[in-house]
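Tertiary structure, described
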Amino acid sequence: MLRGRAVTQTAVDERTAVLRRRIRIVVAITITWNVVEAAVALVAGGIASSAALIGFGLDSVVEVVSAVAVAWQFAAPDPERRERTALRVISVSFFALAVYVSVEAVLSLAGLREPEHSPAGIAIAALSLVVMPFLSWFERRTGRELGSASAVADSKQTLICTYLSAALLIGLLLNSLLGWAWADAIAALVIAGFAVREGIEAWRGDACCATPVSVLTGEQEGGGCDDDCCADD
């Protein structure tokens, strides 16, 4: 009986180590991509005098901050001890993102900001729509299995970057083709509301109903989960 428990605990420890390595890898990829994305968006936004592109570049900077917080957490031998601090950093990043996007959206609707045509901006937004959903999905599933609220919260930050990519792409295309400079501002306000909601959840520490490895291996019983982010996908 004791031997069986020892084998089970060893399996849990090995699986946990694998999941932590995966988190570190996906966070490293996310940071690298967002650094490139921020550089391209900020330069292109400056050239095109596009507040939308500059805002998108700054969002990428916020995403790097969130990913670095998770990387810092999982660099420790006992990541759980750093989870609360990481969640606080991620939460503040959500709130900062919401404030900035809201201000830029209002200025755009007031006619003080008008994104201009930018082929580079369209290209980086389209690429982000391909890259970001996969990174968010991978980190979310890994974080749920590991039982890490901070990893799940960071995956939501990445998902918001995907929504911003879509809003930016639609806005730039509509502005370029139809002259509708207000289109991305409306979408940005919706995204800002979502960011506030996720920031509040991260601050409370209930970013998702994460499932610890010990539940998956039968070591302990898991409770119900009503969080939409726990749905298998």
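Everything here concerns the structure above.
Calculation criteria
Residues numbered from 1 in each chain as written. Predicted model: local features only at pLDDT ≥ 70, side-chain atom pairs only at ≥ 80, totals over all residues. Heavy atoms only, no water. Helix = DSSP H or I, 4+ residues; strand = E, 2+ residues; numbered from the N terminus. Buried < 20%, exposed > 50% of the residue type's maximum accessible area, 1.4 Å probe, protein only. Contact = heavy atoms within 4.5 Å. Areas by Shrake-Rupley, 256 points an atom, 1.4 Å probe, with all protein chains shown as cover. Core = buried A, V, L, I, M, F, W, Y, C linked by side-chain atoms within 4.5 Å. Polar contact = N/O pair within 3.5 Å; in protein donor to acceptor, adjacent residues only side chain to side chain. Patch = residues over 30% accessible without salt bridge, like charges linked within 9 Å, V, L, I, M, F, W, Y side chains within 5 Å. Salt bridge = Lys/Arg side-chain N within 4 Å of Asp/Glu carboxyl O. Axes fitted to C-alpha atoms, helices over the stretch in contact; angles between N-to-C directions. Parallel < 35°, antiparallel > 145°, perpendicular 65-115°, else oblique. Left-handed = near helix turned anticlockwise from the far one by under 90°. Nonpolar A, V, L, I, M, F, W, Y, C, P; charged D, E, K, R; others polar.

Tallying secondary structure elements over the protein gives 7 helices and 0 strands in all. By residue count, 45% of the 233 residues in the protein fall in the buried class. Once local pairs closer than 6 in sequence are excluded, the contacts in the protein between residues at least 24 apart make up 79%. Per element, the accessible surface of the protein, about 11,200 Å² overall, is 65% carbon and sulfur.

The biggest cluster of nonpolar side chains holds 42 residues, and the ones touching the most others in it are Ile23, Phe56, Ile160 and Leu164. Per-element tally for this core: the top contributor is helix α5 (residues 149–178), with 10 residues. Here Ile23 is in contact with Val70, Phe74, Glu139, Thr142, Gly143, Leu146 and Ala151, once residues within four sequence places are set aside.

The subject of this paragraph is the side chain of Ser165. Positionally, Ser165 belongs in helix α5. Residue classification places Ser165 among the buried positions, given a relative accessible area of 0%. Engagement of the side chain of Ser165 in a polar contact is seen with the side chain of Ser128, the distance being 2.6 Å.

Glancing now at a nonpolar patch on the surface. Together, Val106, Leu109, Leu173, Leu177, Leu178, Trp180, Trp182, Ile186 and Leu189 make up an exposed nonpolar region whose accessible area comes to about 870 Å². Listing elements by their share of the nonpolar patch, those giving two or more residues are α3 (83–109), α5 and α6 (183–204). Broken down by element, the residue count for the nonpolar patch peaks at 3 residues, all from α5. Within the fold, Leu178 resides in helix α5.

With their axes 9 Å apart at the nearest point, α3 and α5 run at an angle of 20° to one another. On the basis of the axis angle, α3 is roughly parallel to α5. Viewed along their axes, α3 and α5 form a crossing whose handedness is left-handed. Every residue of α5 that contacts α3 at Glu83, Ala86, Leu87, Ile90, Ser93, Phe94, Leu97 and Val101 is listed here: Ala149, Ser150, Ala153, Asp154, Lys156, Gln157, Ile160 and Leu164. Classifying every residue of the contact of α3 with α5 gives 10 nonpolar, 3 polar and 3 charged.

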